Each structure stands twice: as C-alpha cells, then as structure tokens.
Amino acid sequence: MEDKSNLSLDFQFGLEAGELLDRVQQGQRPGKLVDLQGKIEEAFRTLKQGTGPGHEFLGWMELPGMIENESLEPILDKAEEFRNKGPLTVCIGIGGSYLGTKALIEGLKPQLSPFIPGYPRVLYAGHHLCEDYYKELLSILDYYDYTVCVISKSGTTTEPAIAFRLVREHIEKKYGKNEARNRVAVITDKAKGALKTLADQEGYTSFVVPDNVGGRFSVLSPVGLFPLALAGVDVKKLAQGAYAMQKRLSTQDLDWSANLAALYALFRQYQYQKQGKKVEILANFEPRLAYMGEWWKQLYGESEGKDGKGLFPSTANFSTDLHSLGQYIQDGERLFFETVLSLEEQQNEVKVPYEEADLDKMNFVAGKRISFINEKAETGTCLAHSRQGNVPVLRIRLPRLDAFHIGQLIYFFEFACGLSGYSMGVNPFDQPGVEAYKKNMFKLLGKPGA
Ligand code: PA5
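Just so it is clear, the structure is predicted and the values come from calculations on it, not from any experiment. (Residues numbered from 1 in each chain as written. Predicted model: local features only at pLDDT ≥ 70, side-chain atom pairs only at ≥ 80, totals over all residues. Heavy atoms only, no water.)

A.B. asks: Help me understand the sheet that holds strand β9 (residues 336–343), please; the structure alone is not making it clear to me.
C.D. replies: Where strands meet in a sheet, backbone hydrogen bonds hold them as pairs that are either parallel or antiparallel. Ordered in space as β1-β10-β9-β7-β8, the 5 strands form an open sheet in which the pairing is mixed. Where the open sheet ends on each side, the last strands, each with one partner, are β1 (8–10) and β8 (312–317). Ignoring which end each strand starts from, the neighbouring axes of this sheet average 25 degrees apart. Here β1 pairs with strand β10 (residues 393–398) via 3 bridges, running antiparallel. Across the sheet, residue Asp10 finds its bridge partner in β10, namely Arg395. Contacting β7 (279–284), β8 and β9, helix α12 (residues 290–304) runs over the sheet at an angle of about 175 degrees to β8. (Pairing = 2+ DSSP bridges. Helix = DSSP H or I, 4+ residues; strand = E, 2+ residues; numbered from the N terminus. Axes fitted to C-alpha atoms, helices over the stretch in contact; angles between N-to-C directions. Contact = heavy atoms within 4.5 Å.)

A.B. asks: So what exactly am I meant to see when it comes to the packing of helix α4 (residues 73–85) against helix α9 (residues 222–230) here?
C.D. replies: Relative placement of two packed helices is described by the angle separating their axes and the distance separating the axes. Their axes nearest at 8 Å, the elements α4 and α9 cross at an angle of 40 degrees. In terms of axis orientation, α4 runs oblique to α9. Between α4 and α9 lies a crossing of right-handed hand. Counting all contacts with α4, which are made through Ile75, Leu76, Lys78, Ala79, Phe82 and Arg83, the residues of α9 involved are Pro222, Leu225, Phe226, Ala229 and Leu230. Here the residues of the contact of α4 with α9 sort into 9 nonpolar, no polar and 2 charged. (Parallel < 35°, antiparallel > 145°, perpendicular 65-115°, else oblique. Left-handed = near helix turned anticlockwise from the far one by under 90°. Nonpolar A, V, L, I, M, F, W, Y, C, P; charged D, E, K, R; others polar.)

A.B. asks: What's the story with the site of the ligand in this structure? I'm lost.
C.D. replies: Lining the immediate surroundings of the ligand are 13 residues, of which Ser97, Ser152, Ser154, Thr157 and Gln298 lie closest. Measuring from an oxygen atom of the ligand, one finds a side-chain N or O atom of Thr157 at 2.5 Å. Gly215 has a polar backbone atom sitting 3.5 Å from an oxygen atom of the ligand. For the shell around the ligand, the residue count by class is 1 nonpolar, 9 polar and 3 charged. (Near = heavy atom within 4 Å. Polar contact = N/O pair within 3.5 Å; in protein donor to acceptor, adjacent residues only side chain to side chain.)

A.B. asks: Can you help me understand the sheet that holds strand β4 (residues 146–151) in this one?
C.D. replies: One open sheet holds the 5 strands; their spatial order is β3-β2-β4-β5-β6, and the pairing between them is parallel. What marks the edges here is a single partner per strand, and that holds for β3 (121–125) and β6 (205–208). Strand-to-strand, the axes of this sheet are offset by a mean angle of 20 degrees, without reference to chain direction. Contacting β2 (88–92), β3 and β4, helix α6 (residues 131–143) crosses the sheet at an angle of about 145 degrees to β3. Strand contacts of helix α7 (residues 158–182): β2, β3, β4 and β5 (184–188), with the helix running at about 140 degrees to β4, the strand carrying the most contacts.

A.B. asks: Can you walk me through the domain arrangement of the chain in this structure?
C.D. replies: How large an interface is tends to be reported as the accessible area lost when its parts come together. Looking at the chain, the domain boundaries give domain 1 (8–55 + 240–429) and domain 2 (63–237). Inter-centroid distance (C-alpha atoms) of domain 1 to domain 2 is 30 Å. Taken together, the contacts link 28 residues of domain 1 with 23 residues of domain 2. The contact between domain 1 and domain 2 buries some 2,300 Å² in all, and 65% of this surface belongs to carbon and sulfur atoms. Contact with domain 2 buries area across many residues of domain 1, yet Gln240, Arg288 and Tyr291 alone supply 29% of it, more than any other trio. (Domains from an automatic or database assignment. Buried area = accessible area lost by both parts, 1.4 Å probe.)

A.B. asks: Sorry, what's going on with α4 here?
C.D. replies: Residue pairs three or four apart in sequence face the same way in an α-helix, which turns once every 3.6 residues. Along its 13 residues, α4 runs 18 Å from first to last C-alpha, staying within 8% of the 18 Å computed at 1.5 Å per residue. Among all positions in α4, only Ile75, Lys78, Ala79 and Phe82 are buried. The arc that holds the buried residues of α4, viewed along the axis, is 105 degrees, so those residues lie on one side. In this structure, the buried side of α4 is in contact with β4, α7, β5, β6 and α9. (Expected span 1.5 Å × (residues − 1). Buried < 20%, exposed > 50% of the residue type's maximum accessible area, 1.4 Å probe, protein only. Arc of directions from axis to C-beta.)

A.B. asks: Help me understand the pairing of β7, please; the structure alone is not making it clear to me.
C.D. replies: Note on strand geometry: in a regular strand, side chains alternate between the two faces of the sheet. Across the 6 residues of β7, 6 count as buried, placing the element largely inside the fold. Neither face of β7 is exposed, since Val279, Ile281 and Ala283 on one face and Glu280, Leu282 and Asn284 on the opposite face are all buried. Bridge count for β7 against β8 is 6 bridges, and the pairing is parallel. Within the sheet, the bridge partner assigned to Asn284 lies in β8 and is Asn317. Between β7 and its parallel partner β8, the chain crosses via α12, and the hand of that crossover is right-handed. Bridge count between β7 and β9: 6 bridges; the pairing is parallel. Pairing of Ile281 across the sheet is with Glu338, part of β9. (Right-handed = clockwise from strand over helix to strand, strands pointing away.)

Next comes the structure, spelled out in structure tokens:
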C-alpha cells in the first residue's frame, strides 16, 4: 500500500516509460528495460560496496545516520549564539558550499520573511563576481548587526575568498578585531587550505567538511547544517527525514518495489539511452521549490556531464514559466522529458472570494482553495505535456514542505545520482571540467605560476 507520509513516484504521465516502470515496481523485468535494470543493479552494488571510481567521496551515504547518532549540540548552540548577535548573517560560499543551504532555506522559511519582524535573515556572497552587489552588501552591513559564515571545502576558491576579504575587512572595522572573531564561523577542511590556516590564526569557530564528502553532496554535513540552523531550519527533522530515506534505499539487495532512487535512475536512463532525450526539465508548481531546482542542477550536471555524456539538467517554475517556456515544452523540439516536483499539501487555507459582478468570470472557482486550483493546473499541465505534447512526465510527490520531507528528497536525489552516473559509466563524484575556466581566468589575471 502507498505510504502517504513518504516521498513517492507517480508514473501515470510517463507514457511508454511510465507503463514499463509500473511493471518494474510490481516485480516484472520488461524486455525493453532489462539491460538498463542490470546496469543499475550493478551500479547499486558498486555504490554500496564502495568499489567504483570516486569511492573516496562516498561519505555522504552515511551522513544522515551519523547525524542521528552524533550530537548536533555544538552546531545548534553556536547557531543560537550567532542569532543573538544580530538579525543578519552573511553566508559566503559557491557551488556545493552554497546551493544546498540556499535551496533549503528558500524551501522552508516563510516566503515573505523579510517582512516578518525579527525573522533571521541570510544574505549570500561569494557565488559571483558582481562589483555592484558587493558595494550594496557592504553598505547594508553598516546598518545591521551581523555574523558571518564562510564555507569552502578547499578554502582556496576565488569567488568566496574575495567575498570574505571584503566582509572580513568590514566586520573588523565595525566591531574591532576581537569581537569580529566572535562573529565569524568557518566551515572548511579539518587540516588544509588557506581558510583553515586563517581560522586557526584568528581563533574563529570552525566546523569540519568531512574529507570523504564532495561539495554537491555536502548539504547534510556542517556545510549545510550550520547555516541552516542559523536560519532557523529544524536540522534534526531534516536529518530524520534523510535517515528514513537512507534506510529505505540502502537495503542489502536492490528492491525494485521500494527503491525510489533506482526507479528514478531507470526512468532517466531509459529516456537518455533509449529515447534519445538530451534534457531533463525539473519543474515545480511551488515557488518555494525553485531553488531546489538550482541545487539539483548542480548535483546532476556536475555528476553526469562528462566524457561527452549526460542529460542536460534544466528547470522550470510553474505557473510562471507556463507563460514563457510553456510554449516550447508543449510544441517545440521533443528533446526533453519532465520531472515534476509535486507538493501535495499546503499548510494554510486561502479561498477565492465570490464577487457579485463577476467581471473577471472567476465565480466558477469562488470558494475553492488556491491549492485546489494549483493542483488542477498541475494535472492539466501534465496531461497537456504528456498526452498532447508527447513529453514523458514523471512526478515526484512530496507530501508536505517541511524539513523531514525535504531531508527525504535530498537523500533520494543524491542516491539516484550515484546510481544513474555509475550506470552510464561515468564517475559521478569528480568535476574535472570545473578547472578549465579557473586556469584561463588565473592566466588572464596574471596569477603567479598560472
Ligand atoms: O561540488 C563541488 O565540489 C563544487 O561545486 C564545490 O562545492 C565548489 O567549487 C566550491 O568549492 P569549495 O567548497 O572548495 O570552495
């Protein structure tokens, strides 16, 4: 029986793949999928036994269980201390040291939180090189009491290093060197890198990025846990959700009836390898999930896009993008499939008012909840894109938008990414291509030795 309190997959709009995947979930091995199922089973063994390329970065697989068993108190205590020091935190980081945190904060905080008095505010830095932004940021920091959280595993990444120089200069001027030390926390490698050296010199609070966890898989380590706790996210519930998913996916043998990550990996690889699709669109009908899409793009793009292979991960935010990209998705080239992040329940009720004059002709939905209308928009879109537009659509159903279910979603996507990458013969845990732009930039900037 379907467990309504957990994440689930809905294949009803998946066209041919949907029917095939339904059969797989029922224990069958359809001829069209048998080779891919074999590859994913092999990938499952490789991942679990830690025998594949990049196996030195499999620490993420055990993180939820570890958080459950280890004390989160040092992180929670420091987060509370920082919150008491001021309403604003500057979070400095890029890529895997930024996207997970931003995605979860955006997903879980009230959307209009800047207008809620006293609600903790997070400003981000170090994820771009926009001079005007830094000018604005530094002037805002003049007016608010703030703390800083710098996140860089290597401790040597250009964009966050420059941002931290600017913010460190500001915070030391504003509070003096001594108090500045009490307002900066650093999350970096336990032993190496410029940031670690600086943290030791200055005596900043430090949390460790585990050696065996790569950036884009690190949101359930201190990389995400500390800034999330700072922003008021219930990190214990987040860990519990991720752990529930870890237990569900990390069974002794691959159980196709329950392993959602294997089913998702199979759906994707069927579209890529058998249907010639080049792009996966992750769509949502919930503004708070927009940044989950940004995190997901990095996870899949950096993990699979190598050796001339890989689905291009793209996103769409509906209804907004139904009035822009919607045209292409419905009628343009059939080069993609769609994965819809589907939220089943809103926490609050708002109903459409009745109007006697009915000038806008909206009385047919008067008295209906906005979420009821959104659900019809979602189903109507899935029908239009799949049945009329011939785009296979997979729905990932999220019962509620809370820390527990987001924890499940994070671990589900990570595990599926490992399976999917290994099954197509790439190392999902490295990112050699990221170096190319850096080399050119350093040369152009005249960096010694570049
Ligand atoms: O996934 C990755 O490893 C990268 O995206 C890194 O997270 C990103 O480059 C930032 O690196 P660092 O944390 O070392 O500053």
